[in-house]
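Architecture and fold: a report
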Amino acid sequence: MREQILDILTEINPEVEDIINGDLLESGLFDSFEIINIVMALEDCFQIQIDPELIVPDNFRTVDSMIALIKSIK
Amino acid sequence: MINQLQAIDEYKTLIEEFKKICRVPFSNIYLMPNVIHRYIKSQKVFFEKSKYGIVFYFDEGTYYKVFLYIDEKQKFEISAFDKKLIVHNVYNIKQKNDELSYVQRRLREIGFTQEGTSVQIQGKTQDLLYNCRSVEKYAKTMEQKGYSCIKPEFSQFNQIEQIIADSKIIKDYHLTFRTEQEKKELEKGSYLCIVNENDEICAASITVINFGIAQAEAIAVKERYKMKGLAPILTYQRLKWVYDRNIQKIQGWILVDNETSLKYHKKIGYHLTDRYAEDWLLDV
């Protein structure tokens, strides 16, 4: 799962490789526009529906938080 | 002495008379004559005339927008009023010269503080819409999840304006003042918002079409709804609304230190023009 998420993030913004263990939102690499692409890609990849209530900064701040989010939905 | 401007002809006469005294005056007036006429008709323009020129005060409700037509080498005066004063100075960055610094120094002497600098952005509607095409699918998904874009009724405009004000990025003097009647006469869709399944307004935008160009006046998302992709959805819906009206160009202003917004708008295809605007504020 981690690799799949890393692939998604890198495709959206290759610069993410440099700070992959850091806070992705604080880094400024991802804004509202990229969040859209991340949500849609995660939904497609993991065949899930992410409730808007779960589309909050903390769930997309790190790779680990995204893993936790996906596991909570599946 | 401060007088009320009665007619556009009076405005023109004032300007022409001063031009005979000062051949190259400084002016920050950028309003078109028909816009000035609108203000005059609403009895919202005042002026004071002196040897250094004319200072115009446009009543914008919570503040006066101050326009100068002056010999900037002279020490001009600006009277105190019962509301705050804004000098909105638009200039071309390539033509920035000493003339601006005379006025800047004098504004500081009077007590004005520089509040911020904005840069104008422009884009072709069709290109921007194409670049936002990935948002369309997301917008549909969010709609299925209860977040839909609507054209609000006039009764909701106050709520929308409050959301914009609460963003604290867009100040009251960044918005064009309109009377209640003028707001009612705006084309449906000038105000757009995203509501959730409880009909709560989560995000809103204001766009106005003037002289064949769309002016993107404001866009804001309520704090607790940020980072859900609502701003891109609203941006997309706004572009669609503009495109459906066969308007090919859209423009707006962004504060130069709002890096997030600049980055986002450049990403979808807006370009920065050479036009900048400084806001000088005197808060009474």
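Residues numbered from 1 in each chain as written. Chains lettered and ligands numbered in written order. Predicted model: local features only at pLDDT ≥ 70, side-chain atom pairs only at ≥ 80, totals over all residues. Heavy atoms only, no water.

All right, on to the pairing of strand β11 (residues 213–221) of chain B then. Residues and elements named next belong to chain B. Across 8 bridges, the pairing between strand β10 (residues 201–210) and β11 is antiparallel. Bridge pairing in β11 places Ala204 opposite Ala220. The turn joining β10 and β11, which pair antiparallel and follow one another in sequence, is formed by 2 residues; a positive phi near 50 degrees is taken by Phe211. Two strands pair when backbone bridges link them, and β11 and strand β12 (residues 249–255) are joined in this way by 4 bridges, in the parallel orientation. Counterpart to Ala214 in the pairing with β12 is Ile250. One crossover worth recording links β11 to the parallel β12 by way of helix α8 (residues 230–244), and it is right-handed. (Pairing = 2+ DSSP bridges. Helix = DSSP H or I, 4+ residues; strand = E, 2+ residues; numbered from the N terminus. Right-handed = clockwise from strand over helix to strand, strands pointing away.)

What follows covers the interface of chain A and chain B. Each partner contributes to the interface: chain A provides 22 residues, whereas chain B provides 20 residues. Here chain A meets chain B over a buried area of about 1700 Å², counting both sides, of which 61% is carbon and sulfur. Taken as a group, Phe33, Ile36 and Pro52 of chain A account for 35% of the area that chain A buries against chain B, more than any other trio of residues on that side. For the interface between chain A and chain B, the tally reads 4 salt bridges. A salt bridge links Lys267 of chain B to Glu34 of chain A, with the shortest nitrogen-to-oxygen separation between them at 2.4 Å. Joining chain A to chain B, the criterion identifies 8 residue pairs in polar contact (both at pLDDT 80 or more). Split into classes, the residues belonging to the side of chain A that touches chain B amount to 13 nonpolar, 4 polar and 5 charged. (Contact = heavy atoms within 4.5 Å. Buried area = accessible area lost by both parts, 1.4 Å probe. Salt bridge = Lys/Arg side-chain N within 4 Å of Asp/Glu carboxyl O. Polar contact = N/O pair within 3.5 Å; in protein donor to acceptor, adjacent residues only side chain to side chain. Nonpolar A, V, L, I, M, F, W, Y, C, P; charged D, E, K, R; others polar.)

Looking now at the layout of surface pockets. Residue and element names in this part refer to chain B. For the second largest pocket, the calculated volume is near 440 Å³. Going through the elements one at a time, α6 (157–166) and α7 (180–185) are the ones with two or more residues in the lining of the second largest pocket. For the lining of the second largest pocket, the leading source of residues is α6, giving 5 residues. For the lining of the second largest pocket, the per-class residue count stands at 8 nonpolar, 5 polar and 8 charged. (1 Å grid on protein atoms, 1.4 Å probe; cavity = no way out; pocket = protein on both sides within 12 Å on 5 of 7 lines; lining within 4 Å. Points joined across faces, edges and corners; volume = space filled by probe spheres on them.)

As a further point, take the confidence of the model for chain A. In this model, chain A carries a mean pLDDT of 88, and residues with pLDDT of at least 70 account for 100%. The least confident element of chain A is helix α2 (residues 32–46) of chain A, whose mean pLDDT is 89; the most confident is helix α3 (residues 63–73) of chain A, at 94. (pLDDT = per-residue confidence, 0-100.)

Glancing now at the side chain of Asp31 of chain A. For Asp31 of chain A, the position within the fold is in the loop between α1 (2–12) and α2. The class for Asp31 of chain A is buried, based on a relative accessible area of 8%. Within the local environment of Asp31 of chain A, its side chain forms a polar contact with the backbone nitrogen of Phe33 of chain A, the two atoms lying 2.9 Å apart. Setting aside its immediate chain neighbours within four residues, Asp31 of chain A contacts Met227, Tyr264 and Lys267 of chain B. (Buried < 20%, exposed > 50% of the residue type's maximum accessible area, 1.4 Å probe, protein only.)

Think of two packed helices as two axes; the pair is described by the angle between the axes and how far apart they sit. Residues and elements named next belong to chain A. Look at α1 against α2: their axes get within 10 Å of each other, and the N-to-C directions meet at 145 degrees. The handedness of the crossing between α1 and α2 is right-handed. Along its contact with α1, which presents Gln4, Ile5, Ile8, Leu9 and Ile12, the element α2 presents Glu34, Asn37, Ile38, Ala41, Leu42, Cys45 and Phe46. Looking at side-chain class alone, the contact of α1 with α2 contains 9 nonpolar, 2 polar and 1 charged residues. (Axes fitted to C-alpha atoms, helices over the stretch in contact; angles between N-to-C directions. Left-handed = near helix turned anticlockwise from the far one by under 90°.)

Across all of its chains, the model carries 24 salt bridges over all chains by this definition. With its nearest N and O atoms 3.8 Å apart, the salt bridge here joins Asp44 of chain A to Lys137 of chain B. One end of the pair, Asp44 of chain A, is in helix α2; the other, Lys137 of chain B, is in helix α5 (residues 133–144), on a second chain. Ionic pairing is found between Glu161 of chain B and Lys183 of chain B, a salt bridge with its closest N-O pair at 2.9 Å. With Glu161 of chain B in helix α6 and Lys183 of chain B in helix α7, this pair connects stretches of sequence that are 22 residues apart. Taken together, the salt bridges that share partners define one network made up of Lys75, Glu77, Arg106 and Glu109 of chain B.

Quick look at the packing of aromatic side chains now. All names here are of chain B. For the structure on display, the rule yields 12 aromatic pairs over all chains. Aromatic side chains Tyr11 and Phe56 sit 5.2 Å apart centroid to centroid with 55 degrees between the ring planes, which places their arrangement in the tilted category. Placement of Tyr11 in helix α1 (residues 8–21) and of Phe56 in strand β4 (residues 53–59) is noted, with a sequence separation of 45 residues between them. What makes Phe56 buried here is its relative accessible area of 0%. The lysine or arginine in question, Lys83, covers the ring of Tyr64, its NZ or CZ lying 5.2 Å from the ring centre. Positioned above the aromatic ring of Tyr102, the side-chain terminus of Arg105 is 5.2 Å from the ring centre. (Phe/Tyr/Trp six-rings, centres within 6.5 Å; stacked < 30°, edge-to-face > 60°. Lys NZ or Arg CZ within 6 Å of the ring centre and 35° of its normal.)

Our focus in this paragraph is the nonpolar core. Judged by nonpolar contacts, the single largest core of 62 residues is most densely connected at Ile5, Leu9, Leu42 and Phe60 of chain A together with Leu230 of chain B. The leading source of residues in this core is α2 of chain A, at 8 residues. For Leu9 of chain A, the residues in contact, after removing those within four places along its chain, are Val16, Ile20, Leu24, Phe30, Ile38, Val63 and Met66 of chain A. Within the second largest apolar cluster, 19 residues are counted, among which are Phe26, Tyr64, Ile78 and Val103 of chain B. (Core = buried A, V, L, I, M, F, W, Y, C linked by side-chain atoms within 4.5 Å.)

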